[in-house]
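Notes for the structure review
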Amino acid sequence: MHPIFLWHDNIKQIFIQPDAIYVKNSFVPNGDLDPSRRYQRKPHGQDKLEGVDVEEVCADRPADEYFRLETDGDCREVYRCDSAGEDGTWRLAPIRCAGGLAFDVLRQLCDWKSNVKSCDVLEKPRKAKPILKTDEPICPSGKLSCGDGECLDKELFCNGKPDCKDESDENACSVDEDPNRAPECDPTQCALPDCFCSADGTRIPGGIEPQQVPQMITITFNGAVNVDNIDLYEDIFNGQRQNPNGCSIKGTFFVSHKYTNYSAVQDLHRRGHEISVFSLTHKDDPNYWTGGSYDDWLAEMAGSRLIVERFANITDGSIIGMRAPYLRVGGNKQFEMMADQFFVYDASITASLGRVPIWPYTLYFRMPHKCNGNAHNCPSRSHPVWEMVMNELDRRDDPTFDESLPGCHMVDSCSNVASGDQFARLLRHNFNRHYNSNRAPLGLHFHASWLKSKKEYRDELIKFIEEMLGRNDVFFVTNLQVIQWMQNPTELNSLRDFQEWKEKCDVKGQPYCSLPNACPLTTRELPGETLRLFTCMECPNNYPWILDPTGDGFSV
């Protein structure tokens, strides 16, 4: 029986913890692993440890790093250093991947054996680190020490280009390590409407009491808009469901290019929904995004925006948000590009499940939570960009009883949700978590295919929306509308006249065109493929792609 992968847009990862292997909620081979079940360590023969100098093996090795002692065998066994031995001495704690899987020491996770290319590698390559913390300064003021003692200007560290001979200046560049990192939040220097931060990210903008804060809910969709999902969007956003201010509920669509019907995108925009970009190529190599250059992000996101503006005829400059494919944040390069290209917000960074959810924030100051998610490549520098942080959802069936489970950022990555009833409980429990604490916006992020996979999912979402609209303090809004409220925090009793939410309040009328052009197109960038581009605009010469986003043609 072949394994069935659920919701392929999530990175396939099974993470390991010291006492167990558990499935991070994004990847579940059907019938093979249960995400709520823990896979305990299996005892190993002690013969493999004979003759191993544990102190030498563990010297200067991080306690959370997994490594092999040999490359023979089935590639499932790894070890980590544990200082819980007698008298605090080091010992080796063995771990074993579940059957059918192998351990990738480069990525530090279990995956299908066919995906693991490092079975002949014993450990992660060791990288030289700069000497940043010393009792006495070892370099003149304004300079820092490379790993080999060479002193270089502080500005050269973590600039994306190795300057130290040992390249150590680019090996300590996380949010907490970068010598040129953004400062911690300073409320005296960070004032609305342009800047918002708080020490732990949970503070309500404007100091409004929680009972006077509207509970905003953002419904977002990732991927192409086309005949496969237009009916779903029509069903959810039918124009009849209205927020307490009399305006129809709105959603945010992160649009990827291939297979998108731009006449449908044009109509979503006409009706007041927010259109944002999800990349041009949606390449399935996660490292392409994590390690993307400034020019890669420019071509993918600004190029995607150019295509949407041209072929969905969106001319009002309203495409100001983006989300990274696979939520693979591109570090400072991504955000430098965003600032230069006047993108207002990113919606790719996830915040781990916590007692109190986090409000969106600007990146002038350091992000107020740990860098969570894929590859941990969060921006460390200061950027004039908003982060529409994705608070993880609590996916426990019975939060008062069930043991702790990792949260999930996309609704469809909550892999234990398998029925409409479970989905309904997930929605209401997470609504209450936000509503009864600081009323940070509740993000419900979907791929349309998941909602369409079972009619009961669609029905339960609509039932939840209508139940929430029965209150007078819950609003279904776009990401941009969340930022607009945060820039001008307004109490509930004044929201009916909140002008920023009145634009395209309740749109009537017909689509721009009832019969779009179905342009059959090719491009030299995708040889052998003929793709249809549906648009109310004139057909281009070629299928728009990364080197030719207008479709006018390009010269080699």
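Just so you know, these numbers come straight off a predicted model, no measurement behind them.

Some thoughts on the pattern of salt bridges
Within this structure, the stated rule accounts for 31 salt bridges. The shortest N-O distance in the salt bridge between Asp153 and Lys143 comes to 2.8 Å. Here Asp153, found in strand E9 (residues 151-153), pairs with Lys143, found in strand E8 (residues 143-145); they are 10 residues apart in sequence, far enough to count as distant. Classification of Asp153 as partly exposed rests on a relative accessible area of 34%. Note that Glu466 is salt-bridged to Arg241, the shortest N-O span being 2.9 Å. Highlighted residues: Glu466 in helix H9 (residues 455-469) and Arg241 in the loop between helix H2 (230-236) and strand E11 (252-255), separated in sequence by 225 residues. Here the salt bridges share partners, and the residues they tie into one network are Asp74, Arg76, Glu77 and Arg96.

Brief notes about the side chain of Ser145
Secondary-structure assignment places Ser145 in strand E8. In contact with Ser145, not counting residues within four places along its chain, are Pro130, Ile131, Ile138, Cys139, Glu150 and Phe157.

Quick word on the packing of helix H5 (residues 294-311) against helix H6 (residues 331-340)
Closest axis-to-axis distance for the H5/H6 pair is 8 Å, and the angle between their directions is 55°. One way to sum up the angle between H5 and H6 is to call them oblique. By crossing handedness, the relation of H5 to H6 is classed as right-handed. In this structure, H5 contributes Tyr294, Trp297, Leu298 and Met301 to the contact, and H6 contributes Lys333, Gln334, Glu336, Met337 and Asp340. For the contact of H5 with H6, the residue count by class is 5 nonpolar, 1 polar and 3 charged.

Describing the packing of helix H3 (residues 262-270) against H5
Where H3 contacts H5, the axes come no closer than 9 Å and their chain directions differ by 80°. With respect to their mutual orientation, H3 and H5 come out roughly perpendicular. From H3, Tyr262, Val265 and Gln266 reach across to H5, where they touch Ile307, Val308 and Phe311.

What counts, and at which threshold
Residues numbered from 1 in each chain as written. Predicted model: local features only at pLDDT ≥ 70, side-chain atom pairs only at ≥ 80, totals over all residues. Heavy atoms only, no water. Salt bridge = Lys/Arg side-chain N within 4 Å of Asp/Glu carboxyl O. Helix = DSSP H or I, 4+ residues; strand = E, 2+ residues; numbered from the N terminus. Buried < 20%, exposed > 50% of the residue type's maximum accessible area, 1.4 Å probe, protein only. Contact = heavy atoms within 4.5 Å. Axes fitted to C-alpha atoms, helices over the stretch in contact; angles between N-to-C directions. Parallel < 35°, antiparallel > 145°, perpendicular 65-115°, else oblique. Left-handed = near helix turned anticlockwise from the far one by under 90°. Nonpolar A, V, L, I, M, F, W, Y, C, P; charged D, E, K, R; others polar.

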